[in-house]
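# Structural overview
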Amino acid sequence: MTELMLDWISELNPDAQLAEGFEAAIIGVAERCSQEPVVVYDATKCIEILMERDGSDRDAAVEHFEFNVLGAWVGENTPLFLWRGPR
């Protein structure tokens, strides 16, 4: 994650929330009608980060991600997590 990306996000929405430790998984921002832009993460990349960081297998990383990351609501500026379809 570059400082340029973080600066860009801050300019768009200074209150945008970040998922700590997952900066490398940021893929951009998303906007909705009448809402501030929020940060968008690649969910699969987040799981890969957990596997590498914690040395856990995929199932444990998915469980941790779903409960502790995806399940964390921190207000209207909560980030989004994108699941990319099959390629």
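Now for the overall build of the chain. Helix and strand content of the chain: three helices and three strands. Taken from N to C terminus, the helices and strands of the chain fall in the order α-β-β-α-α-β. Projecting the C-alpha coordinates of the chain onto the three principal axes gives extents of approximately 40 × 30 × 25 Å. Expressed as a percentage of the 87 residues in the chain, the buried residues total 31%. When the accessible surface of the chain is totalled, it reaches about 5,900 Å², and 50% of it is carbon and sulfur. Of the charged side chains in the chain, 6 are positive and 17 negative, and the gap between their average positions amounts to 8 Å.

Another point: unusual backbone geometry. Despite not being glycine, S34 has its phi angle at roughly 65 degrees, a positive value. Note on S34: relative accessible area 71%, which makes it exposed.

A general feature of soluble globular proteins is that nonpolar side chains tend to end up buried together. Counting 17 residues, the largest nonpolar core has F22, V39, Y41, C46, F65 and F81 as its most contacted members. Every element with two or more residues in this core is listed here: β2 (38-42), α2 (43-54) and α3 (58-69). No other element matches α2, which puts five residues into this core. The residues contacting C46, other than those within four sequence positions of it, are F22, A25, Y41, F65 and F81.

Within the structure shown, the criterion is met by three aromatic pairs. Aromatic pair Y41 and F81: ring centres 5.2 Å apart, planes at 20 degrees, arrangement stacked. With Y41 in strand β2 and F81 in strand β3 (residues 80-82), this pair connects stretches of sequence that are 40 residues apart. As far as the burial class goes, Y41 and F81 line up, both buried. With a centroid separation of 5.8 Å and 85 degrees between ring planes, the pair formed by F65 and W83 is classed as edge-to-face. On the criterion of sequence distance, the pair formed by F65 in helix α3 and W83 in the segment after β3 is long-range, its members being 18 residues apart. Every member of this aromatic cluster is reached through a ring pair, and the members are Y41, F65, F81 and W83.

Criteria and thresholds
- Position numbers for residues count from 1 along each chain, tracking the sequence in the order it is written.
- Local features in this predicted model are restricted to residues whose pLDDT is 70 or higher, and side-chain atom pairs enter the listing and the counts only when it is 80 or higher, whereas totals over whole chains, interfaces and linings include all residues.
- Computation of side-chain values: all heavy atoms of the structure, hydrogens and water removed.
- Helix and strand definitions here come from DSSP, where helices need a minimum of 4 consecutive H or I residues and strands a minimum of 2 consecutive E residues; each element is numbered from the N-terminal end.
- For every residue, the accessible area (1.4 Å probe, protein chains only) is compared with the maximum for its type, and the residue is labelled buried under 20%, exposed over 50%, or partly exposed between those bounds.
- A 1.4 Å probe and the Shrake-Rupley method give the accessible areas. Residues count as covered only by the protein chains that appear here.
- Charge convention: Lys and Arg are scored as positive, Asp and Glu as negative, and His as well as the terminal groups of each chain are ignored.
- By convention, the point assigned to a charge is CZ for Arg, NZ for Lys, CD for Glu and CG for Asp.
- Here, nonpolar core refers to any group of buried Ala, Val, Leu, Ile, Met, Phe, Trp, Tyr and Cys residues whose side-chain atoms link them within 4.5 Å.
- Any two residues having at least one pair of non-hydrogen atoms within 4.5 Å are treated as being in contact.
- Pairing of aromatic rings covers Phe, Tyr and Trp, the last through its six-membered ring, and needs centres within 6.5 Å; plane angles under 30 degrees mean stacked, over 60 mean edge-to-face, and all others mean tilted.

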